[in-house]
Structures are given as C-alpha cells and as structure tokens.
Amino acid sequence: MKRRVLFVCTANSARSLMAEALLRDMAGDRFEVASAGTEPTRPHPMALQVLEEAGLSTEGLHSKQLADVQGQYWDYVITLCEKAANECGTVCRPAQQIAWDFADPVPANRHATFALTLKEIRERIALFALVHQKETGPKPASYEPVTVFKALADDFRLAALLLIRSQRQLCVCELTEAFEAPQPKVSRHLATLRDAGLLATERRGQWIYYSLNPGIPQWLARVLEETASHNGGLIENPLARLQAMADRPSVQCL
C-alpha cells in the first residue's frame, strides 16, 4: 500500500503545492500525496509557472482547507512553514509530524524567488523519498507473544479488534460510531494493531478499511476465537450502535 503524505502551509498557494507536485512526480508509485492550508487562498500563478517550466504536471493542483482532509488517514503530515507547524501540532494523529521551514516566495512576487523555492523544496523532497524508500514496503510481523499481548492489553484495542473480526472489515468512520470515540483516538489505536501485524488494510477512495490480518499464525487465531466466543459482552454495545448506523460504508461495499 502507498504511504500517504499531506503537505501543509498557510495559504496552500505555493510551497505546499510545489511539494505535492514534486513528490508525486518523483515517487508517485510509492506515495499518495495531497496538500492543504490553514488559511487557503488559491494557487499562485507564478508557482504554477515554475512547476510547468520544470516539466512538472500542475493538473489537479488547487488550494484546500486543512479541515477537508484532516479526517482522513495520513502516514506523514509535513508542514512547510513555522506558522503551519504551530497550528498543526495535533492534526491527523497518528501521522508522523515533520516540520520543514521554507521562506514564502509570494511576498517577493519574483520569478527567481519562486524558482529558488522550488529548487530548495525539490532537494528536500528527494532526500525524503530516499530516506523513506525502504519504509514503503510492508514489514513482516514477528508475532512475538509479548508484542501481540501488549497490543491487546488495552480494552479499546481488544474490543475494536474483536468487532472488526466479527464484521470482516470496518472503516474508521464505522468504528468511531460504534465506540462513540473521536477519530484521532480510533486511528491511533488501529495503527498500534496494524503495526503489531494484527490488522490488514485496504484503501478505497479516502477511507482505509481494516480487517483481521489473514497472515496471523494459528495459535493467535485460536486465542482470538476463544476470546470472542467467551466474551461477547466486550462488543455488545459497540455492535448494537454499529448495526443502527445508517449508510454504513462497509455494508455498501460488500
């Protein structure tokens, strides 16, 4: 699965759009990329010009509100200015937060300034793609008992895993409804379960769908089966809320 990267700056008119176009061009086969702004305006014509002069596609580039994308799952949130970094400290958790700081070329409004900013961001993007190259592939789970039971040693994570197991697949919005929990909390716990090898993921549109990892060993499958069969009360209330949910995405996709 491609890792998802969100670039954020204040206006989403130049720096973050440049970063979006650059990473998509350099490593679009490994990363799914978007950008947004804390106070978005519109793409600056000179930003689009230097991108096109560099042979980079500007198709689909447009300024977006951060609120429109922060409910989605992101692996990395990269801010490109200090203001955005200060305003985005808790955005899109559990994404890894990375803070870069590039001078805004808009006030100068000079072609040379925009071209220099593009060059500087290109160098940083190239380094990012290189450093994270090995991280884009799936990491095999070891299923060490200590690691597994640490991941399950939380009432929310255990109940979420059992609910996902009972429904075959669920997306974040269904789990937030079932557990009456905020999206950042749900995503954080799902990431822990995924990193322990307990969950598999599949992307459809903006949603990540979670299912029990088919590669879990037999001993662990038996533990989960016994746990589910003797502890139905763990998911009784979440299951009732889930079944009462209107327009469930997973039901529509089955």
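All of the points below concern the structure found in this document. Keep in mind that this is a model prediction, so the values were computed, not measured.

**Thoughts on the overall build of the protein**
Tallying secondary structure elements over the protein gives 11 helices and seven strands in all. Buried residues in the protein amount to 46% of all 254 residues. Pairs at least 24 residues apart make up 72% of the contacts formed inside the protein by residues separated by at least 6 positions. Carbon and sulfur atoms make up 50% of the accessible area of the protein, which totals about 12,600 Å².

**As for the sheet that holds strand β2 (residues 31-37)**
Spatial strand order, β2-β1-β3-β4: four strands in an open sheet with parallel pairing. With partners counted over all chains shown, the strands left at the sheet margins are β2 and β4 (96-99), one partner each. Ignoring strand direction, the axes of neighbouring strands in this sheet form an average angle of 20°. Two elements, strand β3 (residues 76-79) and β4, share four bridges in a ladder whose sense is parallel. Within the sheet, the bridge partner assigned to I78 lies in β4 and is I98. Strand contacts of helix α1 (residues 15-27): β1 (3-9) and β2, with the helix running at about 175° to β2, the strand carrying the most contacts.

**A look at the nonpolar core**
Residues L6, F7, L23, W100 and F128 are the most contacted members of the largest nonpolar core, which totals 42 residues. Listing elements by their share of this core, those giving two or more residues are β1, α1, β2, α2 (45-53), β3 and α4 (111-131). Residues contacting F7, with those up to four places away along its chain left out, are S16, A19, E20, L23, V33, A34, S35, A36, I78, L80, W100 and I125. One finds Y143, V172, I208 and L224 within the second-largest nonpolar core, a separate group that totals 36 residues.

**Considering the packing of helix α6 (residues 155-167) against helix α7 (residues 172-179)**
α7 packs onto α6 with a crossing angle of 120° between their chain directions and a minimal axis gap of 11 Å. Here α6 is positioned oblique relative to α7, judged by the angle of their axes. Crossing geometry of α6 relative to α7 is assigned as right-handed. Side by side, α6 and α7 meet where F156, A159, A160, L163 and I164 of the first sit next to L175, A178 and F179 of the second. Considered class by class, the residues forming the contact of α6 with α7 number eight nonpolar, no polar and no charged.

**Quick look at helix α5 (residues 145-152)**
For α5, the full list of buried residues reads V148, A151 and L152. The buried residues of α5 occupy an angular sector of 95° when projected down its axis, which confines them to one face. Away from its buried face, by an angle of more than 90 degrees, α5 presents the exposed residues V146 and K150. The inward-facing, buried residues of α5 contact α6, α8 (183-195) and α9 (218-230).

**Quick word on the pattern of salt bridges**
Scanning the model with the defined rule gives six salt bridges in all. A salt bridge links D104 to R15; its shortest N-O distance comes to 3.8 Å. Of the two residues, D104 is situated in the loop between β4 and α4 and R15 in helix α1; the sequence distance between them amounts to 89 residues. Overall, R15 belongs to the buried group, its relative accessible area being 7%. A salt bridge links E20 to R24; the shortest N-O distance between them is 2.8 Å. Within this pair, E20 and its partner R24 are both found in helix α1, separated by four residues, close to a single helical turn.

**Some points on the side chain of N213**
Considering the arrangement of structural elements, one finds N213 in the loop between β7 (207-212) and α9. Assessed through its relative accessible area of 19%, N213 is described here as buried. Side-chain polar atoms of N213 contact the backbone oxygen of G197, separated by 3.0 Å. Residues contacting N213, with those up to four places away along its chain left out, are Y143, G197, L198, L199 and A200.

Cut-offs used in this document
Residues numbered from 1 in each chain as written. Predicted model: local features only at pLDDT ≥ 70, side-chain atom pairs only at ≥ 80, totals over all residues. Heavy atoms only, no water. Helix = DSSP H or I, 4+ residues; strand = E, 2+ residues; numbered from the N terminus. Buried < 20%, exposed > 50% of the residue type's maximum accessible area, 1.4 Å probe, protein only. Contact = heavy atoms within 4.5 Å. Areas by Shrake-Rupley, 256 points an atom, 1.4 Å probe, with all protein chains shown as cover. Pairing = 2+ DSSP bridges. Axes fitted to C-alpha atoms, helices over the stretch in contact; angles between N-to-C directions. Core = buried A, V, L, I, M, F, W, Y, C linked by side-chain atoms within 4.5 Å. Parallel < 35°, antiparallel > 145°, perpendicular 65-115°, else oblique. Left-handed = near helix turned anticlockwise from the far one by under 90°. Nonpolar A, V, L, I, M, F, W, Y, C, P; charged D, E, K, R; others polar. Arc of directions from axis to C-beta. Salt bridge = Lys/Arg side-chain N within 4 Å of Asp/Glu carboxyl O. Polar contact = N/O pair within 3.5 Å; in protein donor to acceptor, adjacent residues only side chain to side chain.

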